[in-house]
Structure formats: C-alpha cells, structure tokens
Amino acid sequence: MNETMVCAVGNVATPPVYRELANGASARFRLAVTARYWDREKSAWTDGHTNFFTVWANRALATNVGASVSVGDPVMVQGRLKVRTEQRDGQSWTSADIDAVSIGHDLSRGTSAFRRASKGDTGSTPSPQPEPSWETEPQTQPEPAGVT
C-alpha cells in the first residue's frame, strides 16, 4: 500500500537475462537513466549524472521483455522502487531496483511494432542468457539526493 511507484525513462544497458523458475518466468536488465539539461553557455544539450537501476520483470512481462528488449533500446519502466543498502567486506553497497509493472519502448525516440502475445505462444520464449556481472562499486560518500 505505501510503496514508492516510479516511472523511469532511459536506455537498456545490459542484455535481459531470462530465466524459467518454478513459480514462473523472470527477467532482469540494467536501465541507464541520464539527466539532460540545456547549457545556456554552450547553447547545447548536456548530459548530467547517470543513474543505473536493475529492472525485474516476472511472469508474462518477463517473457515479453526477453522477446522484445535489446541493449540500447529506449524504454519507459513503471514499477515499485526498492533501494537496498548492505555491508560486504566492511564496505557499504547500495542498489536501486525497480520491480516492473509495465515496460514499453519510448515512442518519442523511435517506432515500434506491437504484436499481441497469445496465451499458448511459447515460440517467442527467449533462451536463457549467461549471467552478467552487475556489481557496482561501493559508495565511499553518499551521493546527494536530487530530483531530475
């Protein structure tokens, strides 16, 4: 009930990893979200800080992500934000995950051809991918919180 729902717009940074589990399909990928702003001195758009999120998808959404999403695709992700901090080897690690409810291509940056998945369609199930290393460097100083 008191969950933090977010909508993040960015680019797929890693290949989706798809898995068939006992309780249904699961997929995950890293999403890069970079703030952009107009630099009046340069009269040009400039990239700001990039945030990385691990996006988790389950069941039918996972199957569709595995068949539809590739590295570099501009996407919009809506879901529950989960920020975790843990201690490993005496260092503090922070991760930001989004438990996705909805994922789609960002049509302001390109076109997409939608195909409705049929209930019995197993031909589009992606093959399992090797596990990427998604470790992030430990934070020595907390980053200032900001709204972009």
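Throughout what follows, the structure given in this document is the object of discussion. All values derive from a computational prediction rather than experimental measurement. (Residues numbered from 1 in each chain as written. Predicted model: local features only at pLDDT ≥ 70, side-chain atom pairs only at ≥ 80, totals over all residues. Heavy atoms only, no water.)

This part is about the overall build of the protein chain. When its secondary structure is counted, the protein chain shows one helix and six strands. The order of α-helices and β-strands along the protein chain, N terminus first, is β-β-β-β-α-β-β. Relative to its 148 residues, the protein chain shows a buried fraction of 29%. For the protein chain, long-range pairs separated by at least 24 residues make up 62% of all intrachain contacts whose partners lie at least 6 apart in sequence. Entry remark: accessible area of the protein chain is about 10,400 Å², with carbon and sulfur atoms responsible for 50%. (Helix = DSSP H or I, 4+ residues; strand = E, 2+ residues; numbered from the N terminus. Buried < 20%, exposed > 50% of the residue type's maximum accessible area, 1.4 Å probe, protein only. Contact = heavy atoms within 4.5 Å. Areas by Shrake-Rupley, 256 points an atom, 1.4 Å probe, with all protein chains shown as cover.)

Turning next to the pairing of strand E6 (residues 91-105). Summarising the sheet, strand E4 (residues 44-58) and E6 pair through three bridges and their orientation is parallel. Bridge pairing in E6 places Trp56 opposite Asp99. Sheet topology places strand E5 (residues 74-88) next to E6; 14 bridges connect them, and they run antiparallel. Each bridged residue has a counterpart across the sheet, and for Val75 the counterpart in E6 is His105. With antiparallel pairing between neighbouring strands as the criterion, E5 and E6 make up a hairpin whose turn holds two residues, including Asp89 at a positive phi of roughly 50°. (Pairing = 2+ DSSP bridges.)

Here we take up the pattern of salt bridges. Where side chains of opposite charge bring their charged atoms close, a pairing between them can arise. By the definition in use, this model includes six salt bridges. One salt bridge connects Arg84 with Asp97, and the closest N-O pair in it is separated by 2.8 Å. Of this pair, Arg84 sits in strand E5 while Asp97 sits in strand E6, and the two are 13 residues apart along the sequence. The partly exposed category is assigned to Arg84, whose relative accessible area is 40%. Classification of Asp97 as buried rests on a relative accessible area of 11%. Arg88 is paired through a salt bridge with Glu86; the nearest N and O atoms lie 3.1 Å apart. (Salt bridge = Lys/Arg side-chain N within 4 Å of Asp/Glu carboxyl O.)

So, to be careful, I would describe these as geometric facts and stop short of saying anything about function.
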